[in-house]
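Below are the chains, spelled out letter by letter.
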Amino acid sequence: MRGAPTAAVLACALAGCLAHDAWRAAAPLEREGELHVYLQPLPRGAERLALGLASIEALSTTGETVPLRLIAPDVSGAEAPAQRLLARGRLAPGSYAGLLLRFRSARLVAPQGASDLPVAAEPRRVDSPFAVAARRAVVLALTLETPRPPEAGKAFEPRLAAAVGRMPLPQRAAFCSDAAGHALAVVDKHDRQVVGVLPTGRGPEGLALDARPSRVYLALSGEDQVAVVDVGTGDEVLRFPLRPGDRPREVALSADGRTLVVTNPGSNSVAFLDASSGMELGRIDTGQAPGPLLLDRGGQRGYVLNQVSSTLTAFDVRSRTVTATASTEAQPVRAGLNRAGTRLYVAHAASPNVAVLSLPTLAPAGRLVVGAGAGALLVDSRTDLVYVASRDRGRVQIFDPFSLMPVSEIEVPAPVTWMAIDDAENALFALMPAARAVAVVDLSTGRQSASFDVGEAPYQLTMAGERR
């Protein structure tokens, strides 16, 4: 049973709202372009190397330099295979010759201690021609060749190369929204690296992928619109307007691809749009602050979690009507369905329990005890195993759906707020906003195999071939 909201719950809900206001800090691209410099996973032989960056600058073909904002000034070969976002910055449209990098430190780390290596005072030039266009972003992938210890008395001068990232084939693509950076990171999920960035409108949060026409639907919280992006070209092809003040957060697509469902915490509503034209087909009222959204695998029945009122609204997609409302425990954050569609799992940020509800009645059918509270939940449609991420540490517990007991757990570097499974490679992609990164875990071994940075305030991840 749900009691009156506590001050702690309301404070947590307020913090969530403030997190979703990250888009207010900067404006989307207009006349400028943007450059993102990613350091590729360090090669074998660099496990002992630790580097400190002093600056990164873009070098124009006329010899002018533009400083970029350092995102990761310190990198280490001891990290798990990781692609790091070193720097980003806005540039005037035009042609550029490459980069200038200044290192402030280099160290070799060993069990018996660390030894400092001398670094050159002059910047290292990396030739890699690229062109910047207005309202476009360029990803430069920077590669460090296997370093060799310098000769006595000589400075450490790493050999570097860079190349412009290329969009992946549609079946290899994953996407991650960045609310503060007003962008969509494009990931090659096979290589487990960011290869492109697509600038968007203000405050992108929830997204839905339609593989048939190769489109991504993206909720623009700061513009009361849904953007439609062509996956093949990276172009925004349409905008669907909502009502002023809707502040859309999450979107989902019906199984037939015809209806787009949008949660609107600004107006406490769910809107149903024609996925081709954007015409609003209907709207229902919800509880306070609707956000997390789930459609069943047939795409006909949906569930939205109302995070401030701590309720669940069930609805029918075809008739666009509310079918049931139920109370939840404090601050529901994510829901998942079992393979048969007979059980609904609801995780809560401010409760140690994941509720198990019987469908279609929403009657209580048990609970999972997860600890301090959850940050994300995912049900594996292949096994019915329930993955629950802790809200305050980098741990994902795995529960048996029959005994409702934990059977295993996965450790990742930071708390997780979104999870997706790549069906072809049986890999879990775990989004960690506090680390601004995604960890990739091989589900056959339970071990992290890679990670990559995804932006300032990542919200959601989706991919082609996602196990649903």
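Structure: above.
Residues numbered from 1 in each chain as written. Predicted model: local features only at pLDDT ≥ 70, side-chain atom pairs only at ≥ 80, totals over all residues. Heavy atoms only, no water.

(A) Main features of the layout of surface pockets. Roughly 960 Å³ of internal volume is contained in the largest pocket. When residues of the lining of the largest pocket are traced back to their parent elements, those giving at least two are strand 15 (204-210), strand 19 (251-253), strand 23 (290-295), strand 27 (332-337), strand 31 (374-379), strand 35 (418-422) and strand 39 (458-463). Looking at the lining of the largest pocket, its residues break down into 22 nonpolar, 7 polar and 9 charged. (1 Å grid on protein atoms, 1.4 Å probe; cavity = no way out; pocket = protein on both sides within 12 Å on 5 of 7 lines; lining within 4 Å. Points joined across faces, edges and corners; volume = space filled by probe spheres on them. Helix = DSSP H or I, 4+ residues; strand = E, 2+ residues; numbered from the N terminus. Nonpolar A, V, L, I, M, F, W, Y, C, P; charged D, E, K, R; others polar.)

(B) Up close: the pairing of strand 12 (residues 173-178). In terms of residue burial, strand 12 counts as a mostly covered element, since 6 of its 6 residues are buried. Side chains A173, F175 and S177 project from strand 12 onto one buried face, and the interleaved A174, C176 and D178 project onto a second face that is buried too. Relative to strand 13 (residues 183-188), strand 12 runs antiparallel, the two being bridged by 6 bridges. Bridged to D178 within strand 13 is A183. (Buried < 20%, exposed > 50% of the residue type's maximum accessible area, 1.4 Å probe, protein only. Pairing = 2+ DSSP bridges.)

(C) Quick look at the packing of aromatic side chains. Going through the model one piece at a time under the given rule, you end up with 4 aromatic pairs. Summarising the aromatic geometry, the rings of F272 and F315 are spaced 5.6 Å apart at their centres and angled 75 degrees between planes, so their arrangement reads as edge-to-face. A residue pair is termed long-range when its members are at least 10 positions apart, and F272 in strand 21 (residues 269-274) and F315 in strand 25 (residues 311-316) qualify at 43 residues. Comparing F272 with F315, the two get one shared label, buried. (Phe/Tyr/Trp six-rings, centres within 6.5 Å; stacked < 30°, edge-to-face > 60°.)

(D) Just the sheet that holds strand 16 (residues 215-220), in detail. Spatial ordering of the open sheet is given by 15-16-17-18, a layout of 4 strands whose pairing is antiparallel. Because the sheet does not close on itself, it has two edges, and the strands there are strand 15 and strand 18 (236-241). Strand-to-strand twist across the sheet, computed as the mean angle between neighbouring axes with direction ignored, equals 20 degrees. Where strand 16 and strand 17 (residues 225-230) come together, 6 bridges link them in antiparallel fashion. Its bridge partner being in strand 17, A219 is matched across the sheet by V226. (Axes fitted to C-alpha atoms, helices over the stretch in contact; angles between N-to-C directions.)

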